[in-house]
Amino acid sequence: ITVDGKAGDMVIVGVNVKAQSDQAFTWPAGWTVLLNPYWVGTQQSVIAYGPWSESITLKTAKAVEAGYVAVSVRGGGVPVAGTTKDRTKEPAETTTVTAPKVDRATGLKFAYAFERTSAEETRSQVALSAGWDMVEFAAQGGSNFQTVAVAQGNGDTDAVFTYPNAQSTNGLGVQVVVPSA
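Here's a quick rundown of the structure. This one's a predicted model, so the numbers in the text were calculated from it and none came from an experiment.

## Considering the pattern of salt bridges
In total, this model carries five salt bridges according to the counting rule given. Residue E65 is joined to R116 by a salt bridge in which the shortest nitrogen-to-oxygen separation is 3.3 Å. Taken as a pair, E65 in the loop between strand 5 (59-60) and strand 6 (66-73) and R116 in strand 10 (residues 108-116) lie far apart in primary sequence, 51 residues in all. Residue E65 is classed as partly exposed on the basis of its relative accessible area, which comes to 23%.

In structure tokens:
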């Protein structure tokens, strides 16, 4: 995994893979998992943070199809992940992924959306609710159906990502807050 930055920065990485039983992720020394591998439908998603380096090596127990986004943060405290919302939780979703707001949180707010579909999706086709701006989008590639989107906003509302294709299970949203950043 590569990302712009410099020594002293923190990197937050969201990874979405095709779900497989007995899959395990091994992060580099000094990394902390914010979102334990979350399996919904045929995707498995994870978020972790750690110190910036020119190259970050994430090892998996099995070969994977994967999409990822990585953001560098300069300054700030220990990141906190909010509540997860997958498409199967009430209210059920099909064309949206909701990253619930984190109540009373202050700092830099990111919303992550993970999706997996064989239908074509591009960054320009994904719309965001008011108050949120797309930071990065990991698009599908070849037979890799995973996407990952990260948006930044004021965090006063849920972040709702709207996709062009319906999918009843493969979708997960969560917000991450970096205090005092």
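Having seen the structure, we can now continue with the description.
## Brief notes about the pairing of strand 13 (residues 146-153)
Counting buried residues in strand 13 gives seven out of eight residues, a clear majority hidden from the surface. Inspection of the sheet shows strand 10 paired to strand 13 by eight bridges, in the antiparallel sense. Looking at strand 13, one finds that R116 is bridged to Q146. Where strand 12 (residues 132-138) and strand 13 come together, six bridges link them in antiparallel fashion. Looking across to strand 13, one finds that W132 is bridged to G153.

## Examining the packing of aromatic side chains
Evaluated as defined, the whole model comprises two aromatic pairs. With a centroid separation of 5.5 Å and an interplanar angle of 15°, the aromatic rings of W27 and W31 are classed as stacked. This pair shows no difference in class: W27 is buried, exactly as W31 is. An angle of 15° between the planes, with centres 6.3 Å apart, marks the rings of Y112 and F114 as stacked. For Y112, a relative accessible area of 0% corresponds to the buried category.

## Considering the side chain of T147
By the secondary structure assignment, T147 is in strand 13. For T147, a relative accessible area of 0% puts it in the buried group.

Definitions and cut-offs
Residues numbered from 1 in each chain as written. Predicted model: local features only at pLDDT ≥ 70, side-chain atom pairs only at ≥ 80, totals over all residues. Heavy atoms only, no water. Salt bridge = Lys/Arg side-chain N within 4 Å of Asp/Glu carboxyl O. Helix = DSSP H or I, 4+ residues; strand = E, 2+ residues; numbered from the N terminus. Buried < 20%, exposed > 50% of the residue type's maximum accessible area, 1.4 Å probe, protein only. Pairing = 2+ DSSP bridges. Phe/Tyr/Trp six-rings, centres within 6.5 Å; stacked < 30°, edge-to-face > 60°.

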